[in-house]
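What follows is the residue order along each chain.
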Amino acid sequence: MLLARLAQVSREVAATSARSRKTALLAELFRETDPDDVPVVIPYLAGRLPQGRIGIGWKVLSRPVAPAGEPGLTVREVDARLTELAGVSGTGSQAERSRLVGELLGAATGDEQRFLFGLLTGEVRQGALDAVAVEGLAQATGAPPAGVRRAVMLAGSLQTVAEALLADGPPALARFRLTVGRPVLPMLAHSASSVAEAVQKLGAAAVEEKLDGIRVQAHRDGDTVRLYTRTLDDITDRLPEVTAAVRGLPGGRFVLDGEVISLDPGGRPRSFQETAGRVGSRADVATAARAVPVSPVFFDALSVAGRDLLDLPLAERHAELARLVPEPMRVRRTLVAGPQDVAAAEEFLAETLDRGHEGVVVKGVEAAYSAGRRGASWLKVKPVHTLDLVVLAAEWGHGRRTGKLSNLHLGARAADGSFAMLGKTFKGMTDAMLAWQTERLGALAVREHGWGVTVRPELVVEIAYDGLQRSSRYPAGVTLRFARVVRYREDKRPEDADTVQTLLAAHPEVTAP
Ligand SMILES: Nc1ncnc2c1ncn2[C@@H]1O[C@H](COP(=O)(O)OP(=O)(O)OP(=O)(O)O)[C@@H](O)[C@H]1O
């Protein structure tokens, strides 16, 4: 496929707000797509590079290059050139990268250059594109949209399903089943402002403690156990005590969903940083496990004895979980019949907070497990409400913070895939965080200014704030009051950050006319 064609469709999809038009444009593109091009076409459509970060600085990108007259670049050729570029290292690498970028841009027309520029700076991420792409794929191949959606959730990747569908047509969907050893994207939760609101919305529900640890999916087949994070990274080798605990359970073949958390000897949770540091560290696992042991606490069963449970109601999945997993390794919960039981739900929340946990997740008992989605039937309630935002830029600090990137520019996802700045903060950072973010943001810089750097929008940071206020200085017309950093969320991608739309919806006091 020619890059020019992809760039054209990408532009047209971004320019129209009609979902049916977006779907039709993508369907047309997929009909022309060679299955071998899929590993490039899908990430490019979403504004992502298959190579991940390739470290081209703003200086290199901002040098004007005369465009080619005729489009001739194929997507595969562009990908090959970027792979070459990503591999350049050592002395003289800067000059070599600069030469390769010049060569690539010189082979591109003006339109293609603009597309490549967006891709290389990471300025536009069409995170919402996946859902439309699923429909486009269904339309292009004649497969049922629900079947494609399910396959994507089981494969954990649109790309894998697109390759199979474009190569073999709708029968390929049957290949995607929940399999022990192949992780699925976890179901996520929406927020509710109180348990009363959550119970009102859901009716009969399980109110579960919300543990502030790391999400883990545990797969077991006989003696083999594998553990995956919410981004489907395999972390089995880092958590021997969790692997052992899973191996000790009675069933021989299952997939469970839960959280790993580090508890102190009194059973209270240690800080999130301790658990996250433990799960994130590969070095000297045995020493780390002695210093900060973690335990799994499961809240769902996705497959037991070869039976796929995803489409069963929560109540039945819970019953399976209870058969398999003994009490201390299961999340605590209380069942409520509906709004009439709100007092019981509130009491459970209060007890949970007393035990040092961060809140509760209220789950509709009838709902299936919607893997890879923020299901409407899981509502989290936390007294301290935070936002996950993306760092767009950072300013050099003054005084004690001279030489450190300090004041962060924070963005939420906008409807068009870009990020809308909501405000700035230099509060809440420890010295260690300042040092870490200076290095990390330095590496992500795409543009240098006297005041600081603009960065590739990749780093997700959790922000506490006291409210919203109107402001004509910011693109969404609002800004955060007293924003402060809680922690970095390296387990999240920019596509997982909060959106302007959900933020506004959560603050009717500001948005009401
Ligand atoms: N009982 C529970 N049921 C479901 N998820 C739970 C539970 N206890 C803890 N969690 C964690 O809460 C997360 C659900 O909240 P959400 O999907 O919004 O992710 P999150 O943004 O990481 O949450 P937060 O930022 O609020 O910690 C899950 O991914 C899981 O890691």
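Residues numbered from 1 in each chain as written. Predicted model: local features only at pLDDT ≥ 70, side-chain atom pairs only at ≥ 80, totals over all residues. Heavy atoms only, no water.

Digging into the overall build of the protein
Turning to step 1, where the next piece is worked out: When you go through the protein residue by residue, the secondary structure sums to 19 helices and 19 strands.
Turning to step 2, where the next piece is worked out: By the compact-globule yardstick of 24 Å for 513 residues, the protein fits well, its C-alpha radius of gyration being 24 Å.
Turning to step 3, where the next piece is worked out: Seen along its three principal axes, the alpha-carbon backbone of the protein occupies a region of about 70 × 65 × 55 Å.
Turning to step 4, where the next piece is worked out: Counting only residues that meet the buried cut, the protein has 52% of its 513 residues in that class.
Turning to step 5, where the next piece is worked out: Summed over its atoms, the accessible surface of the protein is roughly 22600 Å², and 53% of this surface lies on carbon and sulfur atoms. (Helix = DSSP H or I, 4+ residues; strand = E, 2+ residues; numbered from the N terminus. Rg over C-alpha atoms; globule rule 2.2 N^0.38 Å. Buried < 20%, exposed > 50% of the residue type's maximum accessible area, 1.4 Å probe, protein only. Areas by Shrake-Rupley, 256 points an atom, 1.4 Å probe, with all protein chains shown as cover.)

A look at the environment of Leu 263
Turning to step 1, where the next piece is worked out: Within the secondary structure, Leu 263 sits in the loop between β5 (253-261) and α13 (272-280).
Turning to step 2, where the next piece is worked out: On the basis of relative accessible area, Leu 263 is assigned to the partly exposed category, the value being 28%.
Turning to step 3, where the next piece is worked out: Between the alpha carbons of Leu 263 and Met 153 there is a distance of 32 Å; along the sequence they are 110 residues apart.

Comments concerning the pattern of salt bridges
Two side chains carrying opposite charge are able to pair once their charged atoms lie near each other.
Turning to step 1, where the next piece is worked out: Under the definition given, this model contains 38 salt bridges.
Turning to step 2, where the next piece is worked out: One salt bridge connects Arg 99 with Glu 103, and the closest N-O pair in it is separated by 2.6 Å. Residue Arg 99 and its partner Glu 103 are located together in helix α6 (residues 93-106), separated by 4 residues, close to a single helical turn.
Turning to step 3, where the next piece is worked out: Here Arg 99 falls in the partly exposed class, since its relative accessible area comes to 43%. (Salt bridge = Lys/Arg side-chain N within 4 Å of Asp/Glu carboxyl O.)

Structural notes on the sheet that holds strand β2 (residues 205-210)
Turning to step 1, where the next piece is worked out: Overall, mixed pairing links the 5 strands, which are arranged β1-β10-β9-β2-β8 in an open sheet. The sheet is open, and its two edges are formed by β1 (188-191) and β8 (333-336), each paired on a single side. Averaged over all neighbouring strand pairs, the angle between strand axes comes to 35°, with direction disregarded.
Turning to step 2, where the next piece is worked out: Note: β2 against strand β9 (residues 359-364), 6 bridges, orientation antiparallel. Residue pairing for β9: Glu 209 is matched across the bridge by Val 360.
Turning to step 3, where the next piece is worked out: Most of the contacts of helix α15 (residues 314-324) go to β2, to which it runs at about 55°, and overall it touches β2, β8, β9 and β10 (374-381). (Pairing = 2+ DSSP bridges. Axes fitted to C-alpha atoms, helices over the stretch in contact; angles between N-to-C directions. Contact = heavy atoms within 4.5 Å.)

What about the nonpolar core?
Turning to step 1, where the next piece is worked out: With 58 residues, the main nonpolar core has Leu 6, Leu 26, Phe 30, Tyr 44, Leu 82, Val 148 and Val 161 as its most contacted residues.
Turning to step 2, where the next piece is worked out: Membership of the second largest hydrophobic core comes to 31 residues, among which are Leu 410, Leu 434, Leu 444 and Val 478. (Core = buried A, V, L, I, M, F, W, Y, C linked by side-chain atoms within 4.5 Å.)

Quick notes on the site of the ligand
Turning to step 1, where the next piece is worked out: Lining the immediate surroundings of the ligand are 21 residues, of which Arg 215, Glu 259, Lys 380, Lys 382 and Lys 492 lie closest.
Turning to step 2, where the next piece is worked out: At a separation of 3.0 Å, a nitrogen atom of the ligand approaches a polar side-chain atom of Glu 208.
Turning to step 3, where the next piece is worked out: A distance of 3.0 Å is found between a nitrogen atom of the ligand and a backbone nitrogen or oxygen belonging to Glu 209.
Turning to step 4, where the next piece is worked out: When the ligand sits alone it has 600 Å² of accessible area, and the protein chains cover 97% of it.
Turning to step 5, where the next piece is worked out: Put simply, the parts of the chain that give the shell around the ligand at least two residues each are β1, β2, β9 and β10.
Turning to step 6, where the next piece is worked out: Residue-level mapping places the shell around the ligand at the junction of two domains, with at least three residues from each of domain 2 (188-381) and domain 3 (386-511). (Near = heavy atom within 4 Å. Polar contact = N/O pair within 3.5 Å; in protein donor to acceptor, adjacent residues only side chain to side chain. Domains from an automatic or database assignment.)

Observations regarding unusual backbone geometry
Turning to step 1, where the next piece is worked out: Even without being a glycine, Ala 305 presents a positive backbone phi close to 50°.
Turning to step 2, where the next piece is worked out: A relative accessible area of 63% means that Ala 305 is categorised as exposed.
Turning to step 3, where the next piece is worked out: Phi at Phe 482 takes a positive value of approximately 50°, unusual for a residue other than glycine.
Turning to step 4, where the next piece is worked out: Along the chain, Phe 482 falls in the loop between β18 (478-481) and β19 (484-488).

Things to note about the sheet that holds strand β6 (residues 295-304)
To summarise the sheet geometry, strands pair through backbone hydrogen bonds and adopt either a parallel or an antiparallel arrangement.
Turning to step 1, where the next piece is worked out: With antiparallel pairing, 5 strands are arranged side by side in an open sheet as β4-β3-β5-β6-β7. Either end of the sheet is taken by a strand with one partner, and the two such strands are β4 (224-228) and β7 (307-308).
Turning to step 2, where the next piece is worked out: As paired strands, β5 and β6 are joined by 8 bridges and run antiparallel to one another. The residue bridging Gly 258 from the neighbouring strand is Phe 298, located in β6.
Turning to step 3, where the next piece is worked out: Sitting on the sheet, α15 touches β5, β6 and β7, and the angle it makes with β6 is about 120°.

Regarding the pairing of β6
Turning to step 1, where the next piece is worked out: The buried fraction of β6 is high, at 9 of 10 residues.
Turning to step 2, where the next piece is worked out: With 2 bridges joining them, β6 and β7 adopt antiparallel strand pairing. Its bridge partner lying in β7, Val 304 is registered against Arg 307.
Turning to step 3, where the next piece is worked out: What sits between the antiparallel neighbours β6 and β7 is a turn of 2 residues, in which Ala 305 has the positive phi angle 50°.

Quick notes on the environment of Gly 222
Turning to step 1, where the next piece is worked out: Checked against the element boundaries, Gly 222 lands in the loop between β3 (214-221) and β4.
Turning to step 2, where the next piece is worked out: Measuring from C-alpha to C-alpha, the distance between Gly 222 and Pro 293 comes to 24 Å, with 71 residues separating the pair along the chain.

Describing the domain arrangement of the protein
Turning to step 1, where the next piece is worked out: As far as domains go, the protein holds domain 1 (3-173), domain 2 (188-381) and domain 3 (386-511).
Turning to step 2, where the next piece is worked out: In this assembly, 15 residues from domain 1 lie in contact with 14 residues from domain 3.
Turning to step 3, where the next piece is worked out: Summed over both sides, the interface of domain 1 with domain 3 buries roughly 1400 Å², with 44% coming from carbon and sulfur.
Turning to step 4, where the next piece is worked out: Here domain 1 and domain 3 share 1 salt bridge between them.
Turning to step 5, where the next piece is worked out: Among the salt bridges present, the one from Glu 495 reaches Arg 48, with a minimum N-O distance of 3.8 Å. (Buried area = accessible area lost by both parts, 1.4 Å probe.)

Notes on the packing of aromatic side chains
Turning to step 1, where the next piece is worked out: Taken as a whole and assessed by the stated rule, the structure comprises 4 aromatic pairs.
Turning to step 2, where the next piece is worked out: Look at Trp 436 and Tyr 488: their rings are 4.8 Å apart centre to centre, the planes differ by 50°, and that puts the pair in the tilted class. In this pair, Trp 436 sits in helix α17 (residues 431-444) while Tyr 488 sits in strand β19, placing the two residues 52 residues apart along the sequence.
Turning to step 3, where the next piece is worked out: Under the relative-accessibility criterion, Trp 436 is labelled partly exposed at 29%.
Turning to step 4, where the next piece is worked out: Put simply, the rings of Phe 299, Tyr 369 and Trp 378 pair up and form one aromatic cluster.
Turning to step 5, where the next piece is worked out: Sitting over the face of the ring of Phe 426, Lys 427 holds its NZ or CZ atom 5.3 Å from the ring centroid.
Turning to step 6, where the next piece is worked out: For the cation-ring pair, Arg 487 lies above Phe 272, with the distance from its terminal atom to the ring centre recorded as 3.8 Å. (Phe/Tyr/Trp six-rings, centres within 6.5 Å; stacked < 30°, edge-to-face > 60°. Lys NZ or Arg CZ within 6 Å of the ring centre and 35° of its normal.)

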